[in-house]
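The primary structure of each chain is shown beneath.
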Amino acid sequence: MTDLRRAIDGDELFLLFQPKVKIRSRAISGVEALVRWKHPEQGLMSPNQFINFAERAGLITRLTYWVLAAAVRESHVWHGSGQAVPIAINLSSHDLRDPQLMEHVLGSLETWGGSPDWIQFELTESCIMDDLSAAQHVLMQLREAGFKIFIDDFGTGYSSLSYLKRLPVDYIKIDQSFVMGLDEDADSAAIVRSIIELAHSLNIEVVAEGVESKVVMDMLERWGCEEVQGYCISKPISGHDFQSWNRAFV
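The numbering scheme is per chain: residues are counted from 1 as the chain's sequence reads. Per-residue local features of the predicted model are confined to residues with pLDDT of at least 70, and side-chain atom pairs are confined, for both listing and counting, to 80 or more; whole-chain, interface and lining totals are unaffected and use all residues. Water and hydrogen atoms were dropped before computing side-chain values, which therefore reflect all heavy atoms in the structure.

(A) The nonpolar core, seen in detail. Definition of nonpolar core: a set of buried residues of the types Ala, Val, Leu, Ile, Met, Phe, Trp, Tyr and Cys, connected through side-chain atoms within 4.5 Å. Burial classes: relative accessible area under 20% of the type maximum marks a residue as buried, over 50% as exposed, and values in between as partly exposed (1.4 Å probe, protein chains only). With 81 residues, the main nonpolar core has Ile-119, Ile-172 and Leu-220 as its most contacted residues. Setting aside chain neighbours within four positions, we find Ile-172 in contact with Ile-151, Phe-154, Leu-164, Ile-195, Ala-199, Ile-204, Glu-205, Val-206 and Val-207. Whether two residues are in contact is decided by their heavy atoms: any pair within 4.5 Å suffices.

Take a look at the structure:
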């Protein structure tokens, strides 16, 4: 706990960014911000090594605010170089219960002269269902302020889908467990096609995570999936590398 507090307050955390691309136009639609921890003794740590601990230790919202501030600062740099795209950050159920969330979000943008189209927000199904009422209230505030909302890891959470029609959701992201090897798994293919059809019936667009081959991308395009994210496009990269990658991709 002491180490993580020090990491948040010091210079041990950094962001990587994984691009998302519109399938039909091949235009870059945004990136997802992914936090990493450069621990002085244990070395590089991925989120699955410390995010759950941060939640149990009551540090997750402080971590979220660090990611928010870092993402807005990076977006400011990108806007200055003409390479700006929206940056998506993840929210936890603890963040949704923080009464200062909107103040922090708007304050971070104001600090760097930003606007809501700089930042997007992703939440998992389990995060939303942990407190559906709070999620509905906060997401409505974010939507009214002009932010885009993504449901992350879709398909791995709750069987009841009634929450979708109650929330101001712009995109759902199909979990990579259904997408990886899609061309070799008929059951996964059936699930992915059904999710795309469901989303479109609710006027929600779809992002497929974990896309690792052009074959899978072509299948998703035929089924009407709007965007893709995965190693077929790019691994997570630094903000500086993203600018070079962005110029080369275009």
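(B) Region of the structure containing the pattern of salt bridges. For this document, the term salt bridge refers to a Lys or Arg side-chain nitrogen within 4 Å of an Asp or Glu carboxyl oxygen. The full count for this structure, using the stated rule, is eleven salt bridges. The residue Arg-143 makes a salt bridge to Asp-170 at a minimum N-O spacing of 3.0 Å. Of this pair, Arg-143 sits in helix α7 (residues 132–145) while Asp-170 sits in the loop between β6 (148–154) and β7 (171–174), placing them 27 residues apart in sequence. One salt bridge connects Asp-218 with Lys-214, and the closest N-O pair in it is separated by 3.0 Å. Placement of both Asp-218 and Lys-214 in helix α10 (residues 214–222) is noted, with a separation of four residues, approximately one turn of the helix. The class of Asp-218 is partly exposed, set by a relative accessible area of 22%. In this structure, a network of salt bridges that share partners links the residues Lys-20, Glu-32, Glu-122, Lys-173 and Glu-209. Numbering goes from the N terminus for both helices and strands, where a helix is a DSSP run of H or I of at least four residues and a strand is a run of E of at least two.

(C) Seen up close, a negative patch on the surface. By definition, no residue in a patch forms a salt bridge, and every one has over 30% relative accessible area; like charges are joined within 9 Å, nonpolar side chains (Val, Leu, Ile, Met, Phe, Trp, Tyr) within 5 Å. Residue exposure ignores everything except the shown protein chains as possible cover, and the areas themselves are Shrake-Rupley values with a 1.4 Å probe. Here Asp and Glu are counted as negative and Lys and Arg as positive; His is not counted, and neither are the chain ends. By convention, charge coordinates are those of NZ in Lys, CZ in Arg, CG in Asp, or CD in Glu. Together, Asp-183, Glu-184, Asp-185 and Asp-187 make up a negatively charged patch on the protein surface. In this structure, Asp-183 sits in the loop between α8 (176–179) and α9 (186–201). Here Asp-183 falls in the partly exposed class, since its relative accessible area comes to 39%.

Structural measurements only, silent on function.
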